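One letter stands for each residue in the lines below.
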There are 2 protein chains.
Amino acid sequence: MRILGIDPGSRITGYGIIEKQGNRLRHIDNGAIFTRSDDDLAARLKIIYDGLSRVIIDYAPQAVAVEQIFVAKNALSALKLGHARGTALLAGVNAGLPVFEYSALQVKSAVVGYGRASKAQVQQMVRTLVSLPEIAQEDASDALAVAICHAHSAGLNHRLEQALAKQGR
Amino acid sequence: MRILGIDPGSRITGYGIIEKQGNRLRHIDNGAIFTRSDDDLAARLKIIYDGLSRVIIDYAPQAVAVEQIFVAKNALSALKLGHARGTALLAGVNAGLPVFEYSALQVKSAVVGYGRASKAQVQQMVRTLVSLPEIAQEDASDALAVAICHAHSAGLNHRLEQALAKQGR
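Note that the structure is predicted; figures quoted are calculated from it, not measured.

Draft legend 1. Examining the overall build of chain A more closely. Along chain A, the regular secondary structure elements total five helices and five strands. Along its sequence from the N terminus, chain A presents helices and strands in the succession β-β-β-α-β-α-β-α-α-α. Seen through its principal axes, chain A has C-alpha atoms that stretch 60 × 35 × 30 Å. Looking at chain A alone, contacts between residues at least 24 apart form 61% of all its contacts between residues at least 6 apart. As displayed, chain A has an accessible area near 8300 Å², and 52% of this comes from carbon and sulfur atoms. Positive and negative side-chain charges of chain A, numbering 19 and 15 respectively, have mean locations separated by a distance of 7 Å.

Okay, structure coming up:
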């Protein structure tokens with residue numbers, strides 16, 4: 001199963017593609033989409049949307065995972081983040097892909113095994129889990145983290161379904 | 001010139017289409033797109049996006065106008081609004097239309113001639129300006145208001161350009 005993780009932001013949107021083969025995770029690609037602050041908002045959202053749509057066409061993921069946000073520094077930054085995040089969700093759903101949302105707690109627990117892990121710990125574990133030669137760009141690393149979280153959850157769900165099916169026999 | 005005004009919201013997104021013929025405004029249509037709170041966020045954004053895209057196809061506006069937001073009650077409502085607002089901007093820009101943003105002050109000034117006008121005053125003036133038999137649904141009325149604001153601004157810009165062109169002669 002190929003998973004696209006996205007870390008949306010109005011300035012930088014990170015993305016990471018991994019492939020889950022049995023219990024192994026393989027890194028496919030990661031990167032970031034940059035927007036220029038002197039462009040107007042609609043133009044910036046189009047850059048994010050088109051960039052993510054291009055990534056989806058190029059790498060054909062079967063699922064999209066985005067971190068769920070509950071809090072933001074303030075209402076203005078929440079509004080900006082909301083625009084970018086809505087764009088990321090739309091790029092997934094408009095490509096006909098299932099879109100999954102995970103809380104920061106779920107992502108950290110899945111990657112480090114500890115919900116209050118530091119940013120540096122998460123980045124280091126992401127690097128290790130998908131065998132990167134070095135830590136990825138910050139937003140791309142966060143995108144890989146949520147993709148890894150989905151890979152684990154999808155695996156757990158699959159095992160849970162198998163267990164329930166056995167019980168049903 | 002045909003203008004689509006949008007008042008985005010995660011629950012209800014209002015839209016209004018008007019046509020500016022010389023100094024006259026003609027009402028074409030207005031309405032609202034409703035989403036169900038039990039749908040997940042990506043699905044709701046797709047309903048808004050598809051609904052607005054359908055309106056754009058049906059009425060072929062030449063410009064889109066959306067109210068600019070600077071504040072929100074709190075970070076969570078700002079985040080929700082941001083998702084819906086980003087979706088509205090994308091529906092416009094993905095259809096190849098120019099998207100304009102106006103502040104609440106600009107909208108109220110354009111519609112009522114007074115930046116601190118009440119919601120009821122704005123609704124009543126919208127009804128009068130585009131000759132509606134009764135006040136439109138709240139979000140549709142707000143959408144018509146921002147469309148009217150763009151119609152006025154576009155008229156002013158046009159006259160300004162003409163005046164500058166004359167000076168240049």
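Let us keep going from here.
Draft legend 2. Looking closely at the packing of helix α3 (residues 104-112) of chain B against helix α4 (residues 119-129) of chain B. Residues and elements named next belong to chain B. Viewed as axis vectors pointing N to C, α3 and α4 meet at an angle of 50°, and their least axial separation amounts to 9 Å. The angle between the axes of α3 and α4 places the two elements in the oblique class. Between α3 and α4 the crossing geometry is left-handed. Between α3 and α4, the contacting residues are Lys108, Val111 and Val112 on the first element and Gln121, Val122, Met125, Val126 and Leu129 on the second.

Draft legend 3. Here's a closer look at the confidence of the model for chain A. On average, chain A scores 92 in pLDDT, and the residues at 70 or more come to 96%. Scoring the predicted complex yields pTM 0.89 and, for the interface, ipTM 0.86.

Draft legend 4. Representation of unusual backbone geometry within the structure. The residue Ser131 of chain A is not glycine, and still its phi comes out positive at about 50°. Using a relative accessible area of 59% as the deciding quantity, one classes Ser131 of chain A as exposed. A positive phi angle, close to 45°, is found at Ala60 of chain B, a residue other than glycine.

Draft legend 5. Highlighting the relation of the copies chain A and chain B. When chain A is fitted onto chain B, the two copies agree to an RMSD of 0.1 Å after a turn of 180° and an axial shift of 0.0 Å. Interpreted geometrically, this transformation is the action of a two-fold axis. Comparing contact sets, 100% of the residues at the interface of chain A also lie at the interface in chain B, consistent with an isologous, same-surface contact.

Draft legend 6. Region of interest: the interface of chain A and chain B. At the interface, 26 residues of chain A touch 26 residues of chain B. Inspection of the chain A/chain B interface yields six residue pairs in polar contact (both at pLDDT 80 or more). Where the side of chain A that touches chain B is concerned, the elements lending two or more residues are α1 (41-59), α2 (75-94) and β5 (99-102) of chain A. When residues of the side of chain A that touches chain B are assigned to their parent elements, the largest contribution, 14 residues, is made by α2 of chain A.

Draft legend 7. The environment of Ser10 of chain B, seen in detail. The residue Ser10 of chain B is located in the loop between β1 (2-7) and β2 (12-21) in this model. Apart from residues no more than four positions distant in its own chain, Ser10 of chain B is found in contact with Thr35, Arg44, Ile48, Lys80 and Ala84 of chain B.

Draft legend 8. Representation of the side chain of Ser141 of chain B. When you line up the elements, Ser141 of chain B lands in helix α5 (residues 138-168). Filtering out sequence-adjacent residues up to four positions away, Ser141 of chain B remains in contact with Gln123, Val126 and Ala136 of chain B.

Draft legend 9. Representation of the packing of aromatic side chains in the model. All chains considered together, the criterion is met by one aromatic pair over all chains. Consider the rings of Tyr49 of chain A and Tyr49 of chain B, whose centres lie 6.4 Å apart with planes at 25°: the pair is stacked. Here Tyr49 of chain A is found in helix α1, whereas its partner Tyr49 of chain B is found in helix α1 (residues 41-59) on a different chain. The class for Tyr49 of chain B is buried, based on a relative accessible area of 10%.

Draft legend 10. Geometry of the environment of Tyr102 of chain A. Residue and element names in this part refer to chain A. Within the secondary structure, Tyr102 sits in strand β5. Exposure remark for Tyr102: the relative accessible area of 7% places this residue in the buried category. Along the sequence, Tyr102 and Tyr49 sit 53 residues apart, while their C-alpha atoms lie 21 Å from each other. Apart from residues no more than four positions distant in its own chain, Tyr102 is found in contact with Ala65, Val66, Glu67, Gln68, Val107, Val146, Cys149, His150 and Ser153.

Draft legend 11. View of α2 of chain A. Residue and element names in this part refer to chain A. Counted at 1.5 Å a residue, the expected span for α2 with its 20 residues is 28 Å, and the 27 Å between its end C-alpha atoms agrees. For α2, the N-terminal capping position is held by Asn74, with its side-chain oxygen 3.0 Å away from the main-chain nitrogen of Leu76. In the stretch just after α2, Gly96 is the one whose phi turns positive, near 80°.

Draft legend 12. Looking closely at the nonpolar core. With 44 residues, the main nonpolar core has Leu4 and Leu52 of chain A together with Leu4 and Leu52 of chain B as its most contacted residues. Among residues more than four places away in sequence, those in contact with Leu52 of chain A are Ile6, Thr13, Tyr15, Ile33, Ala88 and Ala91 of chain A.

Draft legend 13. Spatial organisation of the sheet that holds β2 of chain B. Residues and elements named next belong to chain B. With mixed pairing, the five strands of this open sheet are ordered in space as β3-β2-β1-β4-β5. In this open sheet, the two strands that pair with only one neighbour each are β3 (24-34) and β5 (99-102). Neighbour to neighbour, the strand axes of the sheet diverge by 25° on average, direction disregarded. Pairing of strand β4 (residues 63-67) with β5 involves four bridges; the strand directions are parallel. By the bridge assignment for β5, Val66 is matched with Glu101. Sheet contacts for α1: β1, β2 and β3; angle to β3, the most-contacted strand, approximately 150°.

Calculation notes
Residues numbered from 1 in each chain as written. Chains lettered and ligands numbered in written order. Predicted model: local features only at pLDDT ≥ 70, side-chain atom pairs only at ≥ 80, totals over all residues. Heavy atoms only, no water. Helix = DSSP H or I, 4+ residues; strand = E, 2+ residues; numbered from the N terminus. Contact = heavy atoms within 4.5 Å. Areas by Shrake-Rupley, 256 points an atom, 1.4 Å probe, with all protein chains shown as cover. Lys, Arg positive; Asp, Glu negative; His and termini not counted. Charge placed at Lys NZ, Arg CZ, Asp CG, Glu CD. Axes fitted to C-alpha atoms, helices over the stretch in contact; angles between N-to-C directions. Parallel < 35°, antiparallel > 145°, perpendicular 65-115°, else oblique. Left-handed = near helix turned anticlockwise from the far one by under 90°. pLDDT = per-residue confidence, 0-100. Buried < 20%, exposed > 50% of the residue type's maximum accessible area, 1.4 Å probe, protein only. Least-squares fit on C-alpha atoms with pLDDT ≥ 70 in both. Polar contact = N/O pair within 3.5 Å; in protein donor to acceptor, adjacent residues only side chain to side chain. Phe/Tyr/Trp six-rings, centres within 6.5 Å; stacked < 30°, edge-to-face > 60°. Expected span 1.5 Å × (residues − 1). Core = buried A, V, L, I, M, F, W, Y, C linked by side-chain atoms within 4.5 Å. Pairing = 2+ DSSP bridges.

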